[in-house]
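# Tertiary structure, described
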Amino acid sequence: MTSDDAKPPRPSGRPATIDPDAVAGLALDLFAEHGYENTSMEDIAKAAGIGRKSLYRYFASKADLVWGGSEPVVEASTLAFGSFHSPGTPDGGVLAGLRAAAIAGVAVMPDLSVTRGRLRLIAEHPELTSRSYESLAPQRERALAFLVENGLPDSAARYLSAAYLAATFEAWMQWAAGADPDPTPYLLAALEVLKVPLDNAGAGQWKH
């Protein structure tokens, strides 16, 4: 045996691959089994077979595990918004764009049952519900940009983007509370209440 043969193989130095969606799904299972309050980040890391430091690189807190997974939805909504650009005719293009963006996220969610579990946890825990404004900020800002790009004045665009997020979030929560497999009808029904200001001041006539 040569000296080279006696040497142990050198580690590659690469960290173990982590699937954030899988870890979040596992965390939701633990929350369902043991309770959200009774499950620690250490419990989640141990169950996932990873170190706490690795877990914290992806999720800063238990709340992030519940609220995570929104990036594909934001990306899909952004692409949908990009398909509707009609300056000067905000009533038609704007509402069509909002509807398309609202339902675009449904198709990119890998597992709607995981989404339902996340939303039910959010509904049950005020500390999670209180994070909705912060967690939905990327979607709200993209909706705001879309509305301004399509001719709405800034103040009206801010009102409408806030209403859009509130209506769609409530639609998701109502869907999660039931057993229907598809959230799309809930989202479309929620958007029926939205109106677009037609005058430049954003405070005159409104149109469905």
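Residues numbered from 1 in each chain as written. Predicted model: local features only at pLDDT ≥ 70, side-chain atom pairs only at ≥ 80, totals over all residues. Heavy atoms only, no water.

### Some thoughts on the overall build of the chain
This is how the line gets drawn: A run of DSSP states H or I qualifies as a helix once it reaches four residues; a run of E qualifies as a strand once it reaches two. Both are numbered from the N-terminal end. Think of it in three bands: with a 1.4 Å probe and only protein chains considered, a residue is buried below 20% of the maximum accessible area for its type, exposed above 50%, and partly exposed in between. What makes two residues a contact is simply this: any of their non-hydrogen atoms within 4.5 Å. For accessible areas, the Shrake-Rupley method is used with a probe of radius 1.4 Å. Any residue's cover is judged against the shown protein chains and nothing else.
Counting secondary structure elements, the chain contains 13 helices and two strands. Counting over 208 residues, the chain shows a buried share of 41%. When contacts within the chain are restricted to residue pairs at least 6 apart in sequence, those whose partners lie at least 24 apart make up 64%. Accessible area for the chain stands at about 11800 Å²; split by element, carbon and sulfur atoms hold 55% of it.

### Some words on the environment of F84
If you trace the backbone, F84 turns up in the loop between α6 (71-82) and α7 (90-108). In this view, F84 contacts G93, A96, G97, A100, F146 and N150; residues no more than four positions away in its chain are not counted.

### With respect to the packing of aromatic side chains
Heads up, the condition is: Pairing of aromatic side chains here covers Phe, Tyr and the six-membered ring of Trp, requires ring centres within 6.5 Å, and sorts the geometry by plane angle: under 30 degrees stacked, over 60 edge-to-face, intermediate tilted.
Under the counting rule described, the total for this entry stands at five aromatic pairs. Plain terms: the ring middles of F31 and Y36 are 5.0 Å apart, the flat faces sit at 65 degrees to each other, and that makes the pair edge-to-face. Pair check on accessibility: F31 and Y36 agree, each one buried. Where W172 meets W175, the ring centres are 5.5 Å apart and the plane angle is 85 degrees; that geometry is what we call edge-to-face. A residue pair is termed a helical-turn pair when its members lie 3 or 4 positions apart in one helix, as W172 and W175 do in helix α12 (residues 154-177) at three residues. Taken as a pair, W172 and W175 share a single burial class, namely buried.

### Here we look at the side chain of H125
Positionally, H125 belongs in the loop between α8 (112-124) and α9 (126-129). On the basis of relative accessible area, H125 is assigned to the buried category, the value being 11%. Residues contacting H125, with those up to four places away along its chain left out, are Y36 and E37.

### Quick notes on the environment of A163
Tracing the backbone through its elements, the reader meets A163 in helix α12. Separated by 31 residues in the primary sequence, A163 and L194 have C-alpha atoms spaced 7.4 Å apart.

### Describing the pattern of salt bridges
How we decide: We define a salt bridge as a contact between a side-chain nitrogen of Lys or Arg and a carboxyl oxygen of Asp or Glu at a distance within 4 Å.
Counted by the stated rule, this structure contains two salt bridges. D64 serves as the salt-bridge partner of R131, at 2.7 Å between the closest nitrogen and oxygen. Of the two residues, R131 is situated in the loop between α9 and α10 (132-135) and D64 in helix α5 (residues 62-67); the sequence distance between them amounts to 67 residues. Here R158 and D154 are joined by a salt bridge, their closest N and O atoms 2.9 Å apart. Of the two residues, R158 and D154 are both situated in helix α12; the distance of four residues between them amounts to about one turn of the helix. The exposure class of R158 is partly exposed, given its relative accessible area of 45%.

### Overview of the nonpolar core
The condition that has to hold: In this text, buried Ala, Val, Leu, Ile, Met, Phe, Trp, Tyr and Cys residues form a nonpolar core when linked through side-chain atoms within 4.5 Å.
Counting residues in each nonpolar core, the largest one holds 54 residues, and the members touching the most others are I44, L98 and Y164. Excluding residues that lie within four positions of it along the chain, L98 makes contacts with F81, F146, L147, L160, Y164, L191 and L194.

### Focus: helix α13 (residues 184-191)
At 3.6 residues per turn, the α-helix brings residues three or four places apart onto the same side. Rules: By definition, the arc is the one covered by directions from the helix axis to the C-beta atoms.
Within α13 the residues assigned to the buried category are T184, L187, A190 and L191. Summarising the axial view, the buried residues of α13 lie within an arc of 130 degrees, below the 170-degree limit, and thus occupy one face.

### Considerations on the confidence of the model for the chain
Note the following rule: Per-residue confidence from the prediction method is given by pLDDT, with values spanning 0 to 100.
The predicted model of the chain averages 84 in pLDDT, with 83% of residues at 70 or higher. A low-confidence stretch, residues 7-15 (pLDDT under 50), is modelled with one contact involving residues beyond four sequence positions or located in other chains. Of the regions scoring below 50 in pLDDT, residues 200-208 engages in 24 contacts with residues more than four places distant in sequence or in other chains.

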